[in-house]
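# Examination of the molecular architecture
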Amino acid sequence: RNMLDMHKAHSDQLGISLSPACLRKDVLEPVATMLYQRGDSFKVIIECPEDLFILTDRIRLKQIVLNLANNSRKFVQKGFVRIRADVVDDKVHVYVEDSGPGIPMDKRDTLFEKFQTSLDILNQGTGIGLSLCKDLTELLNGVISLDEDFHSGIEGCPGARFIIDLNKPPLH
């Protein structure tokens, strides 16, 4: 599906359907439910105001957050995968944070390019996930980035934080 979506996004064939969405109930909670697996040694945390609504394509936004969170899940041995949303300077931001080993400095410049080598030891993935996240975020008129200064707060686990600036104000 990711390959097909990436092809459609690059050829301007991937449509979006905007409607009001509650970020907590329509995006973050379903993603957290999909992440949970019995026996995980880390917590899945949601942080989002109950009444944070935005005009977006909830399916595409959920696809972005799920892809990022699944990537985090592959690397976290202890601590957390946290998905959260907040309003910064009257724009909605969504964050996917983890307490994994972090992203090596030499991989950061090309992180969102297509067909990147997998960072996990099992070489899972196709190398298009982050590129698709970038394409879908841009389709939603947003910007995705890696927070270069994030630290998880857990010793020996620097972690990573992806920021999705949706470039839209919340609905009131």
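First, a word on scope: everything that follows refers to the structure included in this document. Nothing here was measured: the structure is a model prediction, and the numbers come from that model. (Residues numbered from 1 in each chain as written. Predicted model: local features only at pLDDT ≥ 70, side-chain atom pairs only at ≥ 80, totals over all residues. Heavy atoms only, no water.)

### Points about the overall build of the chain
Looking only at helices and strands, the chain features 5 helices and 7 strands. Secondary structure of the chain in N-to-C order comes out as α-β-α-β-β-α-β-β-α-α-β-β. Taking the contacts inside the chain whose residues are at least 6 apart along the sequence as the reference set, 73% of them involve residues at least 24 apart. Only carbon and sulfur atoms are counted for the fraction: they give 51% of the accessible area of the chain, which is about 9300 Å². (Helix = DSSP H or I, 4+ residues; strand = E, 2+ residues; numbered from the N terminus. Contact = heavy atoms within 4.5 Å. Areas by Shrake-Rupley, 256 points an atom, 1.4 Å probe, with all protein chains shown as cover.)

### Focus: the pattern of salt bridges
A pair can form between side chains of opposite charge whenever their charged atoms are brought close. As enumerated under the stated definition, the model contains 11 salt bridges in all. Notably, a salt bridge pairs Lys-25 with Glu-50, separated by 3.1 Å at the nearest N-O pair. Taken together, the residues Lys-25 in helix H2 (residues 23-35) and Glu-50 in the loop between strand E2 (42-47) and strand E3 (53-56) connect sequence positions 25 residues apart. Exposure remark for Lys-25: the relative accessible area of 46% places this residue in the partly exposed category. Judged by relative accessible area, which is 49%, Glu-50 ranks as partly exposed. The partner of Arg-58 in a salt bridge is Asp-26, and the shortest N-O contact between them spans 3.2 Å. Of this pair, Arg-58 sits in helix H3 (residues 58-75) while Asp-26 is found in helix H2, placing the two residues 32 residues apart along the sequence. Several salt bridges converge on common partners, so that one network encompasses Glu-47, Arg-82, Arg-84, Glu-97, Asp-147 and Arg-161. (Salt bridge = Lys/Arg side-chain N within 4 Å of Asp/Glu carboxyl O. Buried < 20%, exposed > 50% of the residue type's maximum accessible area, 1.4 Å probe, protein only.)

### Some words on the packing of H2 against H3
Angle between the axes and distance between the axes are the two parameters that describe a pair of packed helices. Where H2 meets H3, the closest approach of the two axes is 9 Å, and the angle between their N-to-C directions is 35°. The interaxial crossing formed by H2 with H3 has right-handed handedness. Counted together, Leu-23, Asp-26, Val-27, Leu-28, Pro-30, Val-31, Met-34 and Leu-35 of H2 and Arg-58, Leu-61, Lys-62, Val-65, Leu-66, Ala-69, Asn-70 and Arg-73 of H3 form the full contact between these two elements. Taken together, the residues of the contact of H2 with H3 break down into 11 nonpolar, 1 polar and 4 charged. (Axes fitted to C-alpha atoms, helices over the stretch in contact; angles between N-to-C directions. Left-handed = near helix turned anticlockwise from the far one by under 90°. Nonpolar A, V, L, I, M, F, W, Y, C, P; charged D, E, K, R; others polar.)

### Examining the packing of aromatic side chains
The full count for this structure, using the stated rule, is 1 aromatic pair. Ring geometry for Phe-112 against Phe-162: centres 6.1 Å apart, planes inclined by 85°, an arrangement best described as edge-to-face. Highlighted residues: Phe-112 in the loop between helix H4 (105-108) and helix H5 (129-139) and Phe-162 in strand E7 (residues 160-165), separated in sequence by 50 residues. Phe-112 gets classed as buried once you look at its relative accessible area, which sits at 18%. Judged by its relative accessible area of 6%, Phe-162 is buried. (Phe/Tyr/Trp six-rings, centres within 6.5 Å; stacked < 30°, edge-to-face > 60°.)

### Some thoughts on the side chain of Gln-63
Residue position: Gln-63 is located in helix H3. Reaching out from Gln-63, the side chain makes a polar contact with the side chain of Arg-60 at a distance of 2.7 Å. (Polar contact = N/O pair within 3.5 Å; in protein donor to acceptor, adjacent residues only side chain to side chain.)

### Digging into the sheet that holds strand E6 (residues 143-146)
Spatially, 5 strands are ordered E2-E4-E5-E7-E6 in an open sheet, and the strand pairing comes out mixed. The outermost strands of the open sheet, each flanked by one partner alone, are E2 and E6. For this sheet, the mean inter-axis angle between neighbouring strands, taken without regard to orientation, is 15°. In terms of strand pairing, strand E5 (residues 91-98) meets E7 through 6 bridges, oriented antiparallel. Along E7, the bridge assignment pairs Val-96 with Phe-162. On the sheet, H2 packs against E2, strand E4 (79-88) and E5 and is oriented at approximately 175° with respect to E2. Here H3 sits on the sheet and contacts E2, E4, E5, E6 and E7; the angle it forms with E5, its principal contact strand, is near 20°. (Pairing = 2+ DSSP bridges.)

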